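Residue strings, one per chain:
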Amino acid sequence: MASSLTKDSSPTPGEKTFFGHPRGMATLFMTEMWERFSWYGMRGILVLYLVAGVLDGPLQGREALAASIYGVYNAVVYMAAMPGGWIADRLWGARKAVLVGGIVIALGHYTLAIPSDTAFFAGLVLIAAGTGLLKPNISAMVGGLYEGQSSARRDAGFTLFYMAINIGAMAAPLAVGYLGENVNWHLGFSVAGIGMTLAVVQYVLGGRHLGDVGKEPGTPATPEEKRTALRRVLLWGGLAVAALAVDVLLGTYDIEHIVNVLAVLGIVVPVVYFTAIYRNPALTAADRPKIQAFVWFFATAVLFWLIYDQSGSLLTLFADNKTDRVIGGWEFPASWYQSVNPAMVIVLAPLFATLWVKLAQRNREPSTPMKFALAMLLIGGSFAIMGLAGAAAANSETGKVTIFWLLSVYLVQTLGEMCLSPVGLSLSTKLAPKQFVGQIMGLWFLATATGNALNGWVTKLNEPLGDAAYYSMWAAVAIAAGLTFMMAGKRIRALMGDVR
C-alpha cells in the first residue's frame, strides 16, 4: 500500500508512485480529468445550443452575440477563481474548497439538464461558482506535492497533470457533443453532470494519498477580516442586483449590457488585485520583483487565451457552417472538432515533459520567458492559417473548406499551448509567496478570464471584417507580442530572481 505523502515529502524507494510521481497525483489527476470532462462537454455544445434557437428570446439567429456570451461566460468562470483562491487561502484550505466546488459543479450540470430557460441560466451560475472553488485550488495542491523538489520535476508533474485535463477534454465533445447535437441537448448536459459526480467520488476515495497537502488555509482570516469580506460581498452583490433590476424596470435591458459590464470587469479586476497583493504588508521585499515578473506572464497569457479560446465560439461556428464534415456520406458533429486539440496534447504532453527534463540535464532548457515567446509566435501562426482558411472558404464554390485547415490550426495551437499552459501553472506556484499561493493561482486563471471577457467585444469584429482580415489581424498582434516578450526576456529573468 502506498504511504501518505506529507507536504514536504518525496517518494521513497519502494513506495508506490504514479508514473514516477507522488501517489497523490493519481487522485488529483483523476479528479481533474472528470471535472474537465464535465466542463468541456458543456462548453462543446454551449454556442451551438444558443445558436440553435432553443432558448426563447433574442438569441435566435444572432451568432455574434452567442459568441460574445460564450466568451463572457468563460470569463465569469475563470474570474470566480479569485474568490475561490481567497476562500482556500483564508477560510477552508484547498482540500475542502475542491470538494465543495466539485459538488456545486455537479449540481449545476444536473440543473442544465432540466428543459427550462430559468434552469439553464441557474445551472451556468452554479457551474461558474463551483469551478471558481475547484480550479485554482486543485492546481495549488499539485504544487504542494512537489514542495522542495527540482523545478524541472515540478514542470514535468504539471505537464502530467495537464494530460488529465486533456483526456477529459478529448472524451467530452465526442460523448456530450454527439448526444446534444443528435439526440437531445439536455441529455448531453446530464452526461456532463455524471462526469462531475465521478470526479467527486474519486476525490473523496483518493484523499488519503494527499497527506497534509491543502488541509489548512495558508493564512487563516481573522474574525474581523471575515466580517469585512462578507460586507463587501453583500455590498457589491447588492449593487449588481439593483443595477440589473433598474435596467429591467426601465425597459432598457439587453443581454449585451451584461456582456459589456463583464468585459470591463475583466480588465479592472486583475489591475485591482495585482495592486492589492503588491501593497499587502505581508509581501516581502524579495517577493515584490517576482510579482512584477508575474505581471509580464499574466499580460502575455491574456492575449494567448483571447485567441486560443475562440476555438469554442468562432472556430466552432466556422466548423459548423464553413467546413465540409462529411466522411463516407456521414456528417460528424461540429462539436467533435473540439476533441482534436486535447487529443494532440495527450500525444505531445509526455514528449514535452521528457524534452524539458532532458534539456535541463544538459543545461539547455529554454527559459520560461522564451517558452512564452514561442507560445505567442505559434498562436499567431495558427490564426495566420485561419486567415488563409477564411479566404479559401470565401473563394470556394460551396463556401466550405476541407477538414485539414482546422486540423492544421489546432496542431499549431497545441504546440503553443504546450509552451505556455503547463509551464504557466508550474511558474505560478514557484513565483507565488507561500501566503498567496491560492490567490496567485487564481490570478493565473484570471488571465484566461480576462482574455475571454475581451472576447465579448473582439469576436464581434469578425462579421464586419470577414474571416480573412479578422484572423490575420490577430495573427499579426500575437506575433508582435511574441517578439516583444523575447526581447524583454533578460529583464523578466532578473525579476524572477532564483525562480527558473
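Above this text you will find the structure in question.
Residues numbered from 1 in each chain as written. Predicted model: local features only at pLDDT ≥ 70, side-chain atom pairs only at ≥ 80, totals over all residues. Heavy atoms only, no water.

Colleague: Any details on the overall build of the chain? Residues and values, ideally.
Modeller: From N to C terminus, the chain includes 18 helices and 2 strands. In terms of C-alpha radius of gyration, the chain reaches 22 Å, essentially the compact-globule figure of 23 Å for 500 residues. Projected onto the principal axes, the alpha-carbon positions of the chain cover approximately 60 × 55 × 45 Å. The 500 residues of the chain split such that 55% are buried. Taking as baseline every contact in the chain between residues at least 6 positions apart, the subset at least 24 positions apart corresponds to 82%. Of the roughly 20,200 Å² of accessible surface on the chain, 67% is carried by carbon and sulfur atoms. Mean positive and mean negative side-chain charge positions of the chain (35 and 29 charges, respectively) differ by 12 Å. (Helix = DSSP H or I, 4+ residues; strand = E, 2+ residues; numbered from the N terminus. Rg over C-alpha atoms; globule rule 2.2 N^0.38 Å. Buried < 20%, exposed > 50% of the residue type's maximum accessible area, 1.4 Å probe, protein only. Contact = heavy atoms within 4.5 Å. Areas by Shrake-Rupley, 256 points an atom, 1.4 Å probe, with all protein chains shown as cover. Lys, Arg positive; Asp, Glu negative; His and termini not counted. Charge placed at Lys NZ, Arg CZ, Asp CG, Glu CD.)

Colleague: Quick one: what's the story with helix 7 (residues 185-205), residue by residue and with numbers?
Modeller: Spanning 21 residues, helix 7 covers 31 Å between terminal C-alpha atoms, matching the ideal 30 Å at 1.5 Å per step. Two or three places before H186, at the opening of helix 7, N184 has a side-chain oxygen 2.8 Å from that residue's backbone nitrogen. (Expected span 1.5 Å × (residues − 1). Polar contact = N/O pair within 3.5 Å; in protein donor to acceptor, adjacent residues only side chain to side chain.)

Colleague: Tell me about the side chain of N452, and please be specific about residues and values.
Modeller: Along the polypeptide, N452 turns up in helix 15 (residues 437-458). On the basis of relative accessibility, which here comes to 0%, the residue N452 falls in the buried class. Within the structure, the side chain of N452 is placed 2.9 Å from the backbone oxygen of T448, a separation counted as a polar contact. Apart from the residues within four sequence positions on either side, N452 is in contact with G71, V72, N74, A75 and D309.

Colleague: Summarise the packing of aromatic side chains; cite the residues concerned and give the values.
Modeller: For the coordinates displayed, the defined rule picks out 22 aromatic pairs. Pairing Y49 with F189 gives two aromatic rings, centres 5.5 Å apart and planes at 80°, and the pair type is edge-to-face. Remark: F189 occurs in helix 7 and Y49 occurs in helix 1 (residues 24-51); sequence separation between them is 140 residues. On the basis of relative accessibility, which here comes to 2%, the residue Y49 falls in the buried class. Owing to a relative accessible area of 0%, F189 belongs among the buried residues under this scheme. With 5.3 Å between their ring centres and 80° between their planes, Y470 and Y471 make a pair best called edge-to-face. Each member of the pair, Y470 as well as Y471, is classed as buried. An aromatic cluster of three or more residues is present, and its members are Y49, F120, F121, W185 and F189. One Lys or Arg, R288, reaches over the ring of Y278 and ends 5.2 Å from the middle of that ring. (Phe/Tyr/Trp six-rings, centres within 6.5 Å; stacked < 30°, edge-to-face > 60°. Lys NZ or Arg CZ within 6 Å of the ring centre and 35° of its normal.)

Colleague: Before we move on, could you go through the nonpolar core and cite the residues and values that matter?
Modeller: Soluble globular proteins: nonpolar side chains tend toward being buried together. Formed by 144 residues in total, the largest nonpolar core has its most connected members in L28, M42, Y73, F297 and L443. If you tally residues by element for this core, the top one is helix 1, at 14 residues. For F297, the contacting residues outside a window of four places in its chain are T368, P369, F372, L427, L431, W444, F485, I492 and M496. (Core = buried A, V, L, I, M, F, W, Y, C linked by side-chain atoms within 4.5 Å.)

Colleague: Summarise the packing of helix 13 (residues 368-395) against helix 17 (residues 467-487); cite the residues concerned and give the values.
Modeller: At a minimum axis separation of 7 Å, helix 13 and helix 17 run at an interaxial angle of 165°. Our classification of the angle between helix 13 and helix 17 gives roughly antiparallel. As for the relative orientation of helix 13 and helix 17, their crossing is left-handed in sense. Of the residues assigned to the contact of helix 13 with helix 17, the class counts are 21 nonpolar, 5 polar and 1 charged. (Axes fitted to C-alpha atoms, helices over the stretch in contact; angles between N-to-C directions. Parallel < 35°, antiparallel > 145°, perpendicular 65-115°, else oblique. Left-handed = near helix turned anticlockwise from the far one by under 90°. Nonpolar A, V, L, I, M, F, W, Y, C, P; charged D, E, K, R; others polar.)

The values reported here are purely geometric and, on their own, carry no functional implication.
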